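Observations on the three-dimensional arrangement
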Amino acid sequence: MNERNKESLSALMDGEADELEVRRILNQLDSDDELRKKWTNYHLMGSLMRDESFDSIDLTQGINKALDGDSVLNTGDE
């Protein structure tokens, strides 16, 4: 994992990443195991600090679909 990816992931986790950076880092998560591990650890640490339970569900596909404008929620009202 390079320094740029570390900084981008940190910005994403802090809510400071722009849309292009979000897309780039989410695409990198598919091919970079070290980056994916850091992503998981950041979420785990955040959950622990907020006293939340942590479930290791992979949300990246749903996030990518939402960014692409695809519907990811099924409310059952259709």
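Presented here is a report on the structure given in the accompanying data block. (Residues numbered from 1 in each chain as written. Predicted model: local features only at pLDDT ≥ 70, side-chain atom pairs only at ≥ 80, totals over all residues. Heavy atoms only, no water.)

**Description of the nonpolar core**
Listed in full, the 10 residues of the largest apolar core are L9, A11, L12, A17, V22, I25, L26, L29, L35 and W39. Elements represented by at least two residues in this core include exactly α1 (3-13), α2 (19-29) and α3 (33-49). With residues up to four places along the chain from it excluded, the contact list for L9 reads I25, L35, K38, W39 and Y42. (Core = buried A, V, L, I, M, F, W, Y, C linked by side-chain atoms within 4.5 Å. Buried < 20%, exposed > 50% of the residue type's maximum accessible area, 1.4 Å probe, protein only. Helix = DSSP H or I, 4+ residues; strand = E, 2+ residues; numbered from the N terminus. Contact = heavy atoms within 4.5 Å.)

**Let's talk about α1**
Among the residues of α1, N5, S8, L9, A11 and L12 are the ones counted as buried. Down the axis of α1, the sector holding all buried residues measures 160°, keeping them to one side. Contact partners of the buried residues in α1: α2 and α3. Of the residues flanking the end of α1, it is G15, one or two places downstream, whose phi is positive at about 75°. (Arc of directions from axis to C-beta.)

**Regarding the packing of α1 against α2**
Any two packed helices are characterised by the angle at which their axes cross and by the distance between the axes. The N-to-C vectors of α1 and α2 enclose an angle of 115°; their axes lie 10 Å apart at closest approach. With respect to the hand of their crossing, α1 and α2 are arranged in left-handed fashion. Residue-level contacts link R4, N5, S8, L9, A11 and L12 of α1 to E21, V22, R24, I25 and Q28 of α2. Class assignment of the residues belonging to the contact of α1 with α2 gives a composition of five nonpolar, three polar and three charged. (Axes fitted to C-alpha atoms, helices over the stretch in contact; angles between N-to-C directions. Left-handed = near helix turned anticlockwise from the far one by under 90°. Nonpolar A, V, L, I, M, F, W, Y, C, P; charged D, E, K, R; others polar.)

**Points about the side chain of N5**
Tracing the backbone shows N5 in helix α1. A polar atom in the side chain of N5 sits 2.9 Å from the side chain of R24. Not counting chain neighbours up to four residues away, the residues in contact with N5 comprise R24, I25, Q28, D32 and L35. (Polar contact = N/O pair within 3.5 Å; in protein donor to acceptor, adjacent residues only side chain to side chain.)

**Remarks on the environment of L35**
Structurally, L35 is set in helix α3. With 26 residues separating them along the chain, L35 and L9 place their C-alpha atoms 8.2 Å apart. Discounting residues that sit within four places of it in the chain, L35 has contacts with M1, N5, L9, I25, Q28 and L29.

**Considering the side chain of D32**
Position of D32 among the secondary structure elements: in the loop between α2 and α3. Here D32 is buried and forms no salt bridge, its nearest opposite-charge partner R36 lying at an N-O distance of 8.6 Å. Discounting chain neighbours no more than four positions away, the residues touching D32 are M1 and N5. (Lys, Arg positive; Asp, Glu negative; His and termini not counted. Salt bridge = Lys/Arg side-chain N within 4 Å of Asp/Glu carboxyl O.)

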